[in-house]
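# Survey of secondary and tertiary structure
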Amino acid sequence: MLTIKKHISECLYNKYAVLCADPELTAEDFAGFLEYPPDEKLGDLAFPCFKLSRALRMAPPAIAAKLADGLADDIIGKAEVVGGYINFYISPEYLAGKLMPDILERGESYGSFDFGKGKTVVLDYSSPNVAKPFHIGHLGTTVIGHSLKKLHQFAGYDCVGVNYLGDWGTQFGKLIVAYRKWGSREQVEKVGIDELVSLYVKFHAEAEKDPSLDDEARAEFTKLEHHDEENTNLWKWFIQLSLDEYSKTYKQLGITFESYNGESFAAQRTDDVIKELNEKDMLRVDDGASLVDLEKYDMPPFLILKKDGSTLYSARDIATAIYRKNTYDFDKSIYVTSAGQSLHFAQLFKVVEMMGYDWAKQMIHVPYGTVSINGAKLATRTGNVILLRDLFAESIEKVSKIIEEKNSALENRDEVAEAVGVGAIIFYYLSNSRIKDINFILEDALNFDGNTGPYAQYTYARTCSIISKAGGVPDVKPSGADVTDPSEAALLKTLSIYPEKVLNAIDELEPSVITRYILDVCAAFNRFYHECQIVTADSPKVRDFRVALTACTRSVIGSAFELICMRKTEKI
Ligand code: ARG
């Protein structure tokens, strides 16, 4: 799909290439120079000519005049020279006569691409550590990861979402000891993962007083490593209990995974990794532990084996990387974790590269900032961590109350409250650049009058109710002459940028591009809604055009919601 920006930059580039005997810039550079002016009086897109001065040996206004000459076409309504700038105005004929029918025909697939066809992207996200609480810190990896998966699917890629469960390591030895000493099957069955967390917390408190417990735990883990039947059964049970709990949250978020192969799966493959590292003469023994030296690359060593010979997170990640390449032959392998693991991934990618795998450059770490909670009194049974489940429950309950006040007659209230309550948290979270630290304030996320999820969902519901009042989407053949109000033109232009935003979000691996764009669409639509009569318009032609424009808006918001894991509700 050709975006407007791409079209304009190609037209400009072609003219430049004729003027310049030896063009040093590319069409992509030209796309990068194009700006969206802050004021619509300065055009819909603007091209500054200053950077071409040296290559063309001309003053910017002269370049602007040369390049702009004869540029107008089906898409470019007008190319106006102002100083060293060319201001572009998209043709209303194109917006109404071409873009609108395109959106009406493609519906929610408008904005999608197929450049990913035949290529695979593996996305490692969520990946909680089993038997530990699923807390607010996991929100980032879970929703950013899933949104990146949706975005890549939208570009045609085959996507493999992997929940790389933290289901291996000495913590299972601890849990087994704690369970045998202080736990009971009935209690764990009744309370679930929370009981495992309490047992784990108790283990740490007791081990402070009696360090021999740590030795016991290590011994139990070693037994597990050697497939001891009783320990294996306990371990499997702990994992199942945890998955049962996580799956409730995943269901609320509408998230599914293609694979749950976690650290225990990788642990079966670490022997081969150690062998390979030894064959490639990459391991160095230091104080009994084995590591890969990365001093040359200004990084601390990558620890592979502990003193006692047991493998580490790092070794499992090397095994996993190789397994994924062999299994999926990925084009990209994406890991979404907190920025706290940036060094780990830089080391991992370097070590894989040193092993001679040129696909190391296809691995990408996507870090995100921390989340803290302020002002919201959220009760959790674990004290200092906020469970995602509790945060969702509180949000859903608050939305339920708001709905009761606003629209007590709403039929499927529970469903709507869940979509809006969970959506509010996702939207608030994904409004920020992912690397920024976030201070989460639930009241702000739920503000129906702010730039929030509920506001966006309300706008979506508004488009649905207009269309239903109008008796459906009319069959129209719009043309430029149908655009009679500036708010209609502005809304169409905003809708025209959607494919561009999808590309940006994929390039920058940044779902917030889509979240912010949804707010732009909502603002443009609400302006149109307040300035124009839609269903009540005087003439049937005007009315049909405006209802069709509303339908285009509904498709774009609906599609964008999908990309950031928000559920849609037709009524609120
Ligand atoms: N389980 C880890 C954690 O909770 C995240 C795993 C990320 N993925 C990976 N392949 N290392 O911190």
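Higher on the page you've got the structure.
Residues numbered from 1 in each chain as written. Predicted model: local features only at pLDDT ≥ 70, side-chain atom pairs only at ≥ 80, totals over all residues. Heavy atoms only, no water.

## Let's talk about a nonpolar patch on the surface
- On the surface, Phe 50, Val 82 and Tyr 85 cluster together into a nonpolar patch covering about 260 Å² of accessible area.
- Along the chain, Val 82 falls in strand 2 (residues 76-82). (Patch = residues over 30% accessible without salt bridge, like charges linked within 9 Å, V, L, I, M, F, W, Y side chains within 5 Å. Areas by Shrake-Rupley, 256 points an atom, 1.4 Å probe, with all protein chains shown as cover. Salt bridge = Lys/Arg side-chain N within 4 Å of Asp/Glu carboxyl O. Helix = DSSP H or I, 4+ residues; strand = E, 2+ residues; numbered from the N terminus.)

## A word on the sheet that holds strand 3 (residues 85-90)
- Taking strand neighbours across the sheet as the criterion, the 3 strands line up as 1-3-2 in an open arrangement whose pairing is antiparallel. Edge positions in the sheet fall to strand 1 (45-48) and strand 2, since each of these pairs with one other strand and no more. Within the sheet, the average angular offset between the axes of one strand and its neighbour, ignoring direction, is 20°.
- Sheet analysis places strand 1 next to strand 3, joined by 4 bridges and oriented antiparallel. The partner of Ala 46 across the bridge, within strand 3, is Asn 87.
- Helix 4 (residues 60-68) contacts strand 1, strand 2 and strand 3 of the sheet and is inclined by roughly 160° relative to strand 2. (Pairing = 2+ DSSP bridges. Axes fitted to C-alpha atoms, helices over the stretch in contact; angles between N-to-C directions. Contact = heavy atoms within 4.5 Å.)

## Considering helix 23 (residues 540-563)
- The first and last C-alpha atoms of helix 23 sit 35 Å apart over 24 residues, in line with the 34 Å expected at 1.5 Å per residue.
- Counting buried positions along helix 23 yields 17 of 24 residues, so the element is predominantly enclosed.
- Immediately downstream of helix 23, the backbone of Cys 565 shows phi near 65°, a positive value. (Expected span 1.5 Å × (residues − 1). Buried < 20%, exposed > 50% of the residue type's maximum accessible area, 1.4 Å probe, protein only.)

## Looking at the pattern of salt bridges
- Applying the stated criterion across every chain, the model contains 35 salt bridges.
- Notably, a salt bridge pairs Arg 389 with Asp 194, separated by 3.2 Å at the nearest N-O pair. Placement of the pair is Arg 389 in helix 16 (residues 388-406) and Asp 194 in helix 9 (residues 193-209), with a sequence separation of 195 residues.
- For Asp 194, a relative accessible area of 14% corresponds to the buried category.
- Between Lys 401 and Glu 397 there is a salt bridge, with its nearest N and O atoms 3.5 Å apart. Placement of the pair is Lys 401 and Glu 397 together in helix 16, with a separation of 4 residues, close to one helical turn.
- In this structure Lys 401 comes out as partly exposed when scored by relative accessible area, which is 49%.

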